[in-house]
Amino acid sequence: MIVGGVAGGASCAARLRRLDEDAQIVIFDRGYYVSFANCGLPYFVGNVIQQESKLLLAGPDLFRDRFNIEVRLRNEVVAIDRQSQQIIVRDVDSEREYREPYDALVLSPGAFPIRPPLPGIDLPGIFTLRTLPDSEDLRSWIDEAKPRRAVVVGGGFIGLEMAENLAHRGMDVTVVEMADQLMPPLDPEMAEGVCRHVAAHVAHVQLGDPVAGFEQSSDGGLVVRTWSGAAFDAGVVVLAIGVRPETKLAQEAGLEIGGRGGIRVDSQMRTSDPHIWAVGDAVEVRNRVTGQWELVPLAGPANRQGRIAADVICGRDSHFSPVQATAVCGFFGLTVALTGATEKVLRRAGIDGFKAVYLHPNQHASYYPGAKPIHLKLLFRTSDGRLLGAQAVGEEGVERRIDVIAMAIQMGATVFDLEETELCYAPQYGSAKDPVNLAGMVASNVMRGDVQLASWPELDTTEAFLLDVREVEEFRDGSIDGAVNIPLSKLRARFHELPHDREIWVYCRAGHRSYYACRFLAQNGLRVRNLSGGYRTYGAGWPQGRGQVCMS
Ligand code: FAD
């Protein structure tokens, strides 16, 4: 018996049938649909996907005819009687309740969008997005009310996808985010460019300012008020402020719930009851890098977990690997992707002994038309170079690099492995030294002691001599206070101008020329450090260089 018939539940059911032709398999879902593509919902609202049928991956008929699996829609499992191994099911339409016995029970009830008890939260025109009917309601509202302005509350994955799709429907969109950055899973300096990009495509981005409540305006619209006292008019509001695991059923049945609020399972997706498995957004999983329990509401893990649960139910010794939260999101032509741990996740987990390198290589050969930078941050363990995480932002080629690094992290690879990674190359796809190789090389240089890094936040406290090795015109366009400009090509001739009794911190645009400079200076007996990521990272990340465009 399977509770929930979308990502985790449907995969589990189909796998079960592939492994056991004789099992009786029933999927219960309280909704109107089974196996629908919830990841496509923002694009259905935005009219990018125009036919709802495209989102229905498999209906009850297909499950019955192709797999001999029974799907009972509008049937909610309301309780689990563990003693007698029965579930209590309520037919939502007739309100009839009945019992169904199980040998193995799989819970895949997902997660529900957070809807905080703010004043006015229940006013018409305020939506969350989880199910197909949610997206139908939102679409109908937009079609009928024809709002000119929209407010999206929450600047994470779903919030920014919704911002893009509402803008696509012709609305002026304001994004209100409680954190002082968009894309909260990213490290803040990586999110700064994201904010600038989004701000260029929407009416307004309001950061560091939680929503205080909602009011009806005199013209029938909505007013979204924030803690700072700001007010934003909206014809429609979409809340995308995160999800909570749906654990009521499990909790009431006395199954163990973990510290993060998800159902606790072992690596075989078994709950604290040996006859009950749980998968998907409702469960806690181990993070591969930090070893800590986490909630990772993503479709990939849910699908794989469904498959593992089916294997185990059928007697196979399968195990679910820890997660890396590999994720990608695209909006307004920008792609953001990450895998493994970020710097803030490492710090929160109390992990130190790591370093970060930043680089900004193009996605393909610079001489081939259309070259665009990928802003990449790679985290690695200093004791042995083991990869811990990567984040990338750019217009093209972002997800490919993160996917490669995701696999490397999964295999326990080091920065030295990335140096040697052999990837496909032609000018329109990459470079002979791919951004993945470059990331490995930059980090390996640090590991081997060829160069020492300095990070931009350290600028506040350093006494070091600051050397800018960019060209004079670049320096004129903007530089760091107190820096002295000697272009790399003049460095040998002007070597005598440098102090020999102070550490020298070198920077250029992206860290490449400054690396050459560091090698030259170090081999001539000077103490040098390379400012990681160059002026580009400085401009993106730290208060001195930070653009004000997105600040509240
Ligand atoms: P769900 O897919 O949510 O399915 C749970 C089902 O269980 C629901 O149909 C519910 O009605 C049913 N149910 C719950 N309780 C009961 C009960 N007691 N009785 C009967 N039925 C019950 N992930 C990505 O990796 N990439 C993306 O781009 C992405 N985009 C997303 C966009 C949106 C708008 C949303 C909402 C999610 C997105 N996700 C994305 C997340 C991904 O969809 C989820 O991680 C995945 O669907 C989780 O699968 P699940 O089986 O745990 O739960």
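Use the structure listed above.
On a predicted model such as this, the values are computed, not experimentally measured, just so you know. (Residues numbered from 1 in each chain as written. Predicted model: local features only at pLDDT ≥ 70, side-chain atom pairs only at ≥ 80, totals over all residues. Heavy atoms only, no water.)

Novice: Explain the site of the ligand residue by residue, including any values.
Specialist: The full set close to the ligand counts 27 residues, and Gly8, Asp29, Ser108, Asp281 and Ala299 are the nearest of them. Separating an oxygen atom of the ligand from a backbone N or O atom of Ala299 is a distance of 2.9 Å. Notes on the ligand: free accessible area 1000 Å², of which the protein chains cover 89%. Only helix 1 (7–19), strand 2 (26–29), strand 4 (75–81) and helix 8 (299–313) provide two or more residues apiece to the shell around the ligand. The element best represented in the shell around the ligand is strand 4, accounting for 3 residues. Residue composition of the shell around the ligand, grouped by class: 15 nonpolar, 7 polar and 5 charged. (Near = heavy atom within 4 Å. Polar contact = N/O pair within 3.5 Å; in protein donor to acceptor, adjacent residues only side chain to side chain. Areas by Shrake-Rupley, 256 points an atom, 1.4 Å probe, with all protein chains shown as cover. Helix = DSSP H or I, 4+ residues; strand = E, 2+ residues; numbered from the N terminus. Nonpolar A, V, L, I, M, F, W, Y, C, P; charged D, E, K, R; others polar.)

Novice: Summarise the packing of helix 1 against helix 8; cite the residues concerned and give the values.
Specialist: Two elements in contact, helix 1 and helix 8, have axes separated by 7 Å at closest approach and are oriented at 35°. For the element pair helix 1 and helix 8, the recorded crossing hand is right-handed. Of the residues in helix 8, those in contact with Ala7, Gly8, Ser11, Cys12, Arg15, Leu16, Arg18 and Leu19 of helix 1 are Ala302, Asn303, Gly306, Arg307, Ala309, Ala310, Asp311 and Ile313. Here the contact of helix 1 with helix 8 is composed, by residue class, of 8 nonpolar, 4 polar and 4 charged. (Axes fitted to C-alpha atoms, helices over the stretch in contact; angles between N-to-C directions. Left-handed = near helix turned anticlockwise from the far one by under 90°. Contact = heavy atoms within 4.5 Å.)

Novice: So what about unusual backbone geometry? Which residues, and what values?
Specialist: Leaving glycine aside, a negative phi is the common case for residues, and trans is the common case for peptide bonds. One non-glycine residue, Asn47, lies in the positive phi region at around 70°. Among the structural elements, Asn47 can be located in the loop between helix 2 (41–45) and helix 3 (60–67). Unlike most non-glycine residues, Phe332 shows phi in positive territory, near 50°. Counting through the fold element by element, Phe332 comes out in the loop between strand 21 (327–331) and strand 22 (334–340).

Novice: Could you give an account of the state of the cysteines, with specific residues and numbers?
Specialist: Structurally, a disulfide amounts to a covalent bond that connects the sulfur atoms of two cysteines. One pass over the full model with this rule turns up 0 disulfides. Of the cysteine sulfurs around Cys39, a residue in no disulfide, the closest is that of Cys329, at 11 Å. The exposure class of Cys39 is exposed, given its relative accessible area of 54%. With no disulfide of its own, Cys314 lies closest to Cys12 among cysteine sulfurs, the gap being 8.5 Å. A residue is classified by how much of its surface remains accessible, and Cys314, at 30% relative accessible area, is partly exposed. (Disulfide = S-S within 2.5 Å. Buried < 20%, exposed > 50% of the residue type's maximum accessible area, 1.4 Å probe, protein only.)

Novice: Mind laying out the sheet that holds strand 3 (residues 70–73), listing which residues take part and the relevant values?
Specialist: Strand order in the open sheet made by the 5 strands is 3-2-1-7-18, with parallel pairing throughout. Across the chains shown, the open sheet's two edge strands, defined by having one partner strand only, are strand 3 and strand 18 (276–278). (Pairing = 2+ DSSP bridges.)

Novice: Describe the sheet that holds strand 14 (residues 222–226), with residues and values.
Specialist: The strand order across the open sheet formed by 3 strands is 13-14-15, and the pairing between neighbours is antiparallel. For this open sheet the edge positions go to strand 13 (211–216) and strand 15 (231–234), each flanked by a neighbour on one side alone. In this sheet, adjacent strand axes meet at a mean angle of 25° when their direction is disregarded. Note: strand 13 against strand 14, 5 bridges, orientation antiparallel. Considered in strand 14, the bridge of Gln216 is made with Leu222.

Novice: Any details on the side chain of Ser135? Residues and values, ideally.
Specialist: Within the secondary structure, Ser135 is located in helix 4 (residues 132–145). A distance of 2.7 Å separates the side chain of Ser135 from the backbone oxygen of Leu132, its partner in a polar contact. Among residues more than four places away in sequence, those in contact with Ser135 are Leu41, Phe44, Val45 and Leu129.

Read these as geometric descriptors, not functional statements.
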